[in-house]
There are 2 protein chains.
Amino acid sequence: MNKLRRRATGRITLDEVSAAAGVSPITASRALRGQRSVDPALVERVREAAERLGYVPDPAARALASARSSQVVVLVPMLSNALFVDLLEAVHATLLPAGYQTLIGMTHYDPAEEEQLLRGYMAHRPAGLLLTGFDRTEGSRKLIEASGVPCVHMMETAEAPGVFSVGFSQAAAGYAMTRHLVERGRRRVMFLAAQLDPRTLQRLQGYRDALRGAGLYDEALELLDPRRSSMALGAALFERALGEHGDADALFCCNDDLAQGALLAALRLGVSVPQRVAVAGFNDLAGSDQMLPPLTTVHTPRVEIGQQAAAMLLRLMQGQEVPRAAVDVGCTLVVRGST
Amino acid sequence: MNKLRRRATGRITLDEVSAAAGVSPITASRALRGQRSVDPALVERVREAAERLGYVPDPAARALASARSSQVVVLVPMLSNALFVDLLEAVHATLLPAGYQTLIGMTHYDPAEEEQLLRGYMAHRPAGLLLTGFDRTEGSRKLIEASGVPCVHMMETAEAPGVFSVGFSQAAAGYAMTRHLVERGRRRVMFLAAQLDPRTLQRLQGYRDALRGAGLYDEALELLDPRRSSMALGAALFERALGEHGDADALFCCNDDLAQGALLAALRLGVSVPQRVAVAGFNDLAGSDQMLPPLTTVHTPRVEIGQQAAAMLLRLMQGQEVPRAAVDVGCTLVVRGST
DNA sequence: CTGAAAGCGCTTACAG
DNA sequence: CTGAAAGCGCTTACAG
């Protein structure tokens, strides 16, 4: 009477649920996914049976049959920059309740490494892609396009057909901070940067535009160091900046950890901030409000970016329309005591 | 002549590889996995064919057929504590080259939340589990045991049959730091703690043992705050500590972010460290060496823990023996200027 | 050392 | 709105 073989694995299957509900497996499958038009009464019966039996769908079987998994690949440069930790947490918190898992990868700011990660992860038939910025190889671009997997870019925005993004203008933010310093009467504003990734260079562009507009630009005031950003490097750059440019009256650091290191170096060397020199940061990371003096910085809305990018991807993965393909969430100048 | 149907998906399959190599799919499968005894000449032929065709195994099909995926579930309390970021990066870097992906989850220090995550992730048939500490629900324990999935615990160690762990003694570390303070002549040593998770409480135990041993223990000197650890909280606890205990001459903070906040508060309030009061931290996080004065702390080897735990899990997943089930990697007292 | 058969648990068209 | 059939791409015993 019962055509159900007990599976060797002991796992409760869709077959058992559908039998318990007195429908076919296909109907049970559709009912459980809330998909297509299924008689509401049957949906209820199937739901009840699944609940009662403790049925949990098998992601592997689902992925194999549908050629799409429930996993979203999220690629960020690195986790040692707290910015990306916040971004990742927000993405994760948005995706998990919707039934998607997060497969994270770290590119170390290297497009070739990103392509390699992408190539490996694509075999998993991800349901979606969340990438940082737009700096990637031609190979990555083709891989993504050929796969047809929905993709949303984070941190920067771009207006282009078929390109989805959530971020803000790094250049505008760099411009705004520089203007703030100029408006406070600073005339020799230095730019201290590390890593020199694309977004840092965009901020630099904003800095240049602002200083040029004010007739204060001087290439010598740019201190660009390709090494990884850290408080220790910030301290070193601070010393070098004041050593090489005794007349510098403001230091715009491309990331808060550099700025925090600079502030501590100032304390150590007895250089008064902001009297002798103003110090500004970027991102508003943990601890910046605790510094002495508290750090003026740009608060970047990474939590909102993570949430909105994930929400946008969710819509794309479900085949829904997205109201705006490029969402600029803006950012905020936070003026504290250091400028 | 060619019995190969072209798959609708266009994906290169094992069937095509085996046909190209002139062997059966099973042999091709075994050859590619480097498993069982297969004629070396055949292995070579299969490898070559796979390479030439650009074959990439399908993880979903593999998981479905073998009832085990190539994913490792890693559960940590939260990423806003930089400690766990380092741990996670090390785990990830060890697992990825070995062909395993990382599925991360954040428990927020809540065993019930951990159980829920575990329940959800178990449906993915993970190949292995990497968990933080030993504080979990009975339900989680049963779930893990019933699944038969290899599991390694990180951060703490425990000697028990069938239990695998890589970590260090939090109590011993707490004891060592407290002894250091006592040996420097401190008599009123306070313990400032946040979060109050199990490992923090173990450090507290070490602190108590050391002070009791020296005849200096006073319950009133423990400032325990269940809120999340942060620099801002450290600053607040610093003020409260000195306000309530004017005679305190040392503050042992359970995490570096608290200690960094305390150090900055001291600067702000004009309290000289270490003359008036010594300040010690725990974990040796980024920036602690940049503080003013540089922070004395315990360097916890989270990178080694992540690497070794992942390496141990790799052995377990491959059915190999593990030399030692409980590995204590120790930790190091780092004496800087603050004590 | 190698292979034919069966199965893992689900979903996709295709019918009705 | 519902279902029978076929298939997704691999691996597990079981033989030989």
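Residues numbered from 1 in each chain as written. Chains lettered and ligands numbered in written order. Predicted model: local features only at pLDDT ≥ 70, side-chain atom pairs only at ≥ 80, totals over all residues. Heavy atoms only, no water.

The name given to chain A in an unreviewed UniProt entry is Substrate-binding domain-containing protein, with Azohydromonas lata as the source organism.

Caption draft 1: Inspection of the overall build of chain A at higher detail. A count of helical and extended segments in chain A gives 12 helices and 12 strands. Relative to its length of 339 residues, chain A is extended, with a C-alpha radius of gyration of 26 Å against a globular reference of 20 Å. Principal-axis analysis of the C-alpha atoms places the extent of chain A at approximately 90 × 35 × 30 Å. Residues counted as buried form 53% of the 339 residues belonging to chain A. For chain A, long-range pairs separated by at least 24 residues make up 70% of all intrachain contacts whose partners lie at least 6 apart in sequence. Carbon and sulfur atoms form 51% of the exposed surface of chain A, whose accessible area is close to 14,200 Å². Averaging the locations of the 36 positively and 36 negatively charged side chains of chain A gives two centres separated by 7 Å. (Helix = DSSP H or I, 4+ residues; strand = E, 2+ residues; numbered from the N terminus. Rg over C-alpha atoms; globule rule 2.2 N^0.38 Å. Buried < 20%, exposed > 50% of the residue type's maximum accessible area, 1.4 Å probe, protein only. Contact = heavy atoms within 4.5 Å. Areas by Shrake-Rupley, 256 points an atom, 1.4 Å probe, with all protein chains shown as cover. Lys, Arg positive; Asp, Glu negative; His and termini not counted. Charge placed at Lys NZ, Arg CZ, Asp CG, Glu CD.)

Caption draft 2: Expanded view of the pairing of strand β3 (residues 128-132) of chain B. Residue and element names in this part refer to chain B. Most of β3 sits out of view: five of its five residues are buried. Here β3 shows no split at all, with G128, L130 and T132 on one side and L129 and L131 on the other all buried. Summarising the sheet, strand β1 (residues 71-76) and β3 pair through four bridges and their orientation is parallel. Considered in β3, the bridge of L75 is made with L131. Summarising the sheet, β3 and strand β4 (residues 151-155) pair through four bridges and their orientation is parallel. Within β4, the residue paired with L129 across the bridge is C151. Crossover handedness for the path β3 to helix α7 (residues 138-147) to β4: right-handed. (Pairing = 2+ DSSP bridges. Right-handed = clockwise from strand over helix to strand, strands pointing away.)

Caption draft 3: Quick peek at the interface of chain B and chain A. Counting residues at the interface gives 42 residues for chain B and 42 residues for chain A. Where chain B abuts chain A, roughly 3,500 Å² becomes buried across the two surfaces, and 67% of that area is made up of carbon and sulfur atoms. Viewed at the interface, chain A and chain B are joined by two salt bridges. Linking R125 of chain A and D58 of chain B is a salt bridge whose minimum nitrogen-to-oxygen distance equals 2.0 Å. (Buried area = accessible area lost by both parts, 1.4 Å probe. Salt bridge = Lys/Arg side-chain N within 4 Å of Asp/Glu carboxyl O.)

Caption draft 4: Just the packing of helix α2 (residues 25-33) of chain B against helix α3 (residues 40-53) of chain B, in detail. Residues and elements named next belong to chain B. Put simply, α2 and α3 touch, their axes get as near as 9 Å, and they point 90° apart. Classed by the angle they form, the pair α2 and α3 counts as roughly perpendicular. The residues of α3 that touch α2, namely those facing T27, A28, A31 and L32, are L42, V43, V46, R47 and A50. Broken down by class, the residue content of the contact of α2 with α3 amounts to seven nonpolar, one polar and one charged. (Axes fitted to C-alpha atoms, helices over the stretch in contact; angles between N-to-C directions. Parallel < 35°, antiparallel > 145°, perpendicular 65-115°, else oblique. Nonpolar A, V, L, I, M, F, W, Y, C, P; charged D, E, K, R; others polar.)

Caption draft 5: View of the nonpolar core. L130 of chain A together with L130 of chain B are the most contacted members of the largest nonpolar core, which has 155 residues in total. What L130 of chain A contacts, discounting residues up to four positions off in sequence, is V72, V73, V74, L75, V91, L95, V152, M154, A309, A310 and L313 of chain A. With 26 residues, the next largest nonpolar core counts M122, L131 and C151 of chain A together with L103 of chain B among its residues. (Core = buried A, V, L, I, M, F, W, Y, C linked by side-chain atoms within 4.5 Å.)

Caption draft 6: Up close: the side chain of R199 of chain A. Residue and element names in this part refer to chain A. Relative to the assigned elements, R199 resides in helix α9 (residues 198-213). For R199, the side chain forms a polar contact with the side chain of E156, separated by 2.9 Å. R199 has contacts with P77, F84, Y109, T132, G133, M155, E156 and Q170, leaving out every residue within four places of it along the chain. (Polar contact = N/O pair within 3.5 Å; in protein donor to acceptor, adjacent residues only side chain to side chain.)

Caption draft 7: Seen up close, the relation of the copies chain B and chain A. For these two chains of identical sequence, chain B goes onto chain A by a turn of 180° and a shift of 0.0 Å along the axis, with RMSD 0.1 Å. Such a combination of rotation and displacement between the chain copies is what one expects of a two-fold axis. Taking the C-alpha atom as reference, chain B places A60 of chain B closest to the rotation axis, 2.4 Å from it. Of the residues that chain B buries at the interface, 100% are likewise interface residues in chain A, meaning the two copies contact each other through the same surface. (Least-squares fit on C-alpha atoms with pLDDT ≥ 70 in both.)

Caption draft 8: Spotlight on the environment of L192 of chain B. Residue and element names in this part refer to chain B. Among the secondary structure elements, L192 is positioned in strand β6 (residues 189-193). In sequence terms L192 and Q308 are 116 residues apart; their C-alpha atoms lie 31 Å from each other. Setting aside anything within four residues of it in sequence, one finds L192 in contact with L223, L237, F238, A241, L251, F252, C253, C254 and L258.

Caption draft 9: The arrangement of the sheet that holds strand β9 (residues 278-280) of chain A in detail. Residues and elements named next belong to chain A. With respect to topology, four strands assemble into an open sheet ordered β7-β6-β8-β9, the strand pairing being parallel. Both edges of this open sheet fall to β7 (222-224) and β9, since each of them pairs with a single strand only. Direction aside, neighbouring strands of the sheet carry axes that sit 15° apart on average. Bridging between strand β6 (residues 189-193) and strand β8 (residues 250-253) involves four bridges; their strand directions are parallel. Residue pairing for β8: L192 is matched across the bridge by C253. The strands touched by helix α8 (residues 170-183) within the sheet are β6, β8 and β9, with β8 carrying the most contacts at an inclination of about 165°.

Caption draft 10: Broad picture of the pairing of strand β2 (residues 101-106) of chain A. All names here are of chain A. Of all six residues making up β2, six are buried, and the element is well covered by its neighbours. Of the two faces of β2, both are covered, the one formed by Q101, L103 and G105 as well as the one formed by T102, I104 and M106. The sheet contact formed by strand β1 (residues 71-76) and β2 spans six bridges and is parallel. Counterpart to V73 in the pairing with β2 is L103. Between the parallel pair β1 and β2, the chain is carried across by helix α5 (residues 82-95), and the sense of this crossover is right-handed.

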